[in-house]
Amino acid sequence: GGGQGNANAPFGVLSTLNSGTTFPVTSPGGDTYGYYEGTSMATSHVTGVVSLMLSLQPTLTPTEVVQLLQATARPFPTATGSSGGDCTISLCGAGIVDAYNAVQAVSSNAPLIHVTPVSLSFTTHQGDPSPPTQSIAIANPGGGTLSWKVSSNAPWIHVSPSGGQERGTVTV
């Protein structure tokens, strides 16, 4: 990511800056603020959240950390895509890291459902054979016991199994 020139940018992170290139310039004039966005800003924030999570539950695996971060992320605001459109999960990722929810998920010992992928897409035309089956993986990166149930109101959708405990794979 790079610096934003708009001082009122709604999606950047307000950061403290100093105009010195080899050593800090003393105030007045040396200390300023600027909005930045992108991976250069997000990486340090996500790393801090992961550190907090691991301080509470040091046995978390990297996969569990990713699942918790994705399951507790907040959706992107609208009109934030690279071309001004909406960010989607496939375009921009799971969302914006939510430090409070991620740490709460680790410390609360409550179940937390994580589904991968978060949506399925089927395409077929009348007279074509049925589209191939697709699977959804269900996991519990949180604590406690997760019980889940899957159902459909459409008679042409077949789901197996229709429920379970903890992790599982549902075929549609």
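A quick note: this is a predicted structure, and the numbers were derived from the prediction, not measured. (Residues numbered from 1 in each chain as written. Predicted model: local features only at pLDDT ≥ 70, side-chain atom pairs only at ≥ 80, totals over all residues. Heavy atoms only, no water.)

## Observations regarding unusual backbone geometry
The line we're drawing: Numbering goes from the N terminus for both helices and strands, where a helix is a DSSP run of H or I of at least four residues and a strand is a run of E of at least two.
Of note, the bond from T116 into P117 is cis; its omega dihedral lies within 30 degrees of zero at -10 degrees. Note on placement: P117 falls in the loop between β3 (114–116) and β4 (135–139). S160 connects to P161 through a cis peptide bond whose omega is -10 degrees. Positionally, P161 belongs in the loop between β5 (147–149) and β6 (163–165).

## Quick notes on the nonpolar core
Put simply, the rule is: To qualify as a nonpolar core, a set must consist of buried Ala, Val, Leu, Ile, Met, Phe, Trp, Tyr and Cys residues joined through side-chain atoms within 4.5 Å. Buried, partly exposed and exposed residues are distinguished by accessible area as a fraction of the type maximum, computed with a 1.4 Å probe on protein chains only: under 20%, between the cut-offs, and over 50%, respectively. Residues are treated as being in contact if the distance between any of their heavy atoms lies within 4.5 Å.
In terms of nonpolar packing, the biggest core is built from 12 residues, these being V49, V50, M53, L60, V65, L68, L69, A102, V103, A105, V106 and L112. At the level of elements, α1 (39–56), α2 (62–72) and α4 (99–107) are the ones that each hand at least two residues to this core. Setting aside residues up to four positions removed in sequence, L68 forms contacts with M53, L60, A105, V106, L112, P141 and G142.

## Regarding the confidence of the model for the chain
Parts of the prediction with low pLDDT should not have their coordinates interpreted in detail. We count it as follows: pLDDT measures the predictor's confidence residue by residue and takes values from 0 up to 100.
Put simply, the chain has an average pLDDT of 79, and 88% of its residues get 70 or more. Within the chain, the element-level pLDDT minimum falls on helix α3 (residues 89–92), averaging 75, and the maximum on α2, averaging 91.

## Regarding the environment of S152
Mapped onto the secondary structure, S152 falls in the loop between β5 and β6. With relative accessibility at 32%, the residue S152 sits in the partly exposed group. Placed 10 residues apart in sequence, S152 and S162 show a C-alpha to C-alpha distance of 9.5 Å.

## Comments concerning the side chain of D98
Test applied: Under this definition, polar contacts are N or O atom pairs within 3.5 Å; protein pairs additionally need one hydrogen-donor-capable and one acceptor-capable atom, and for neighbouring residues in sequence, both atoms have to be side-chain atoms.
Considering the arrangement of structural elements, one finds D98 in the loop between α3 and α4. From its side chain, D98 meets the backbone nitrogen of Y100 in a polar contact 3.3 Å long. Leaving out residues up to four positions away in the same chain, D98 has contacts with T72, A73 and R74.

## Some details on the pattern of salt bridges
So the rule is basically this: In the sections that follow, a salt bridge refers to a side-chain nitrogen of Lys or Arg positioned within 4 Å of a carboxyl oxygen of Asp or Glu.
According to the stated counting rule, one finds 1 salt bridge in the structure shown. Between R74 and D98 there is a salt bridge whose closest N-O contact spans 3.7 Å. Taken together, the residues R74 in the loop between α2 and α3 and D98 in the loop between α3 and α4 connect sequence positions 24 residues apart.

## A few points about the sheet that holds β3
The line we're drawing: By the convention used here, strands pair only if DSSP detects at least 2 bridges between them. In this description, a line fitted to the C-alpha atoms serves as the axis of each element, helices being fitted only across the stretch in contact, and the angle between N-to-C directions of two axes falls anywhere from 0 to 180 degrees.
Taken together, 3 strands build an open sheet; the order of strands is β3-β4-β7 and the sheet is antiparallel. Because the sheet does not close on itself, it has two edges, and the strands there are β3 and β7 (168–171). The average angle at which neighbouring strand axes cross in this sheet is 25 degrees, direction not considered. Strand direction decides the pairing type here: β4 and β7, joined by 4 bridges, are antiparallel. Across the sheet, the residue bridging to I136 is V170, located in β7.

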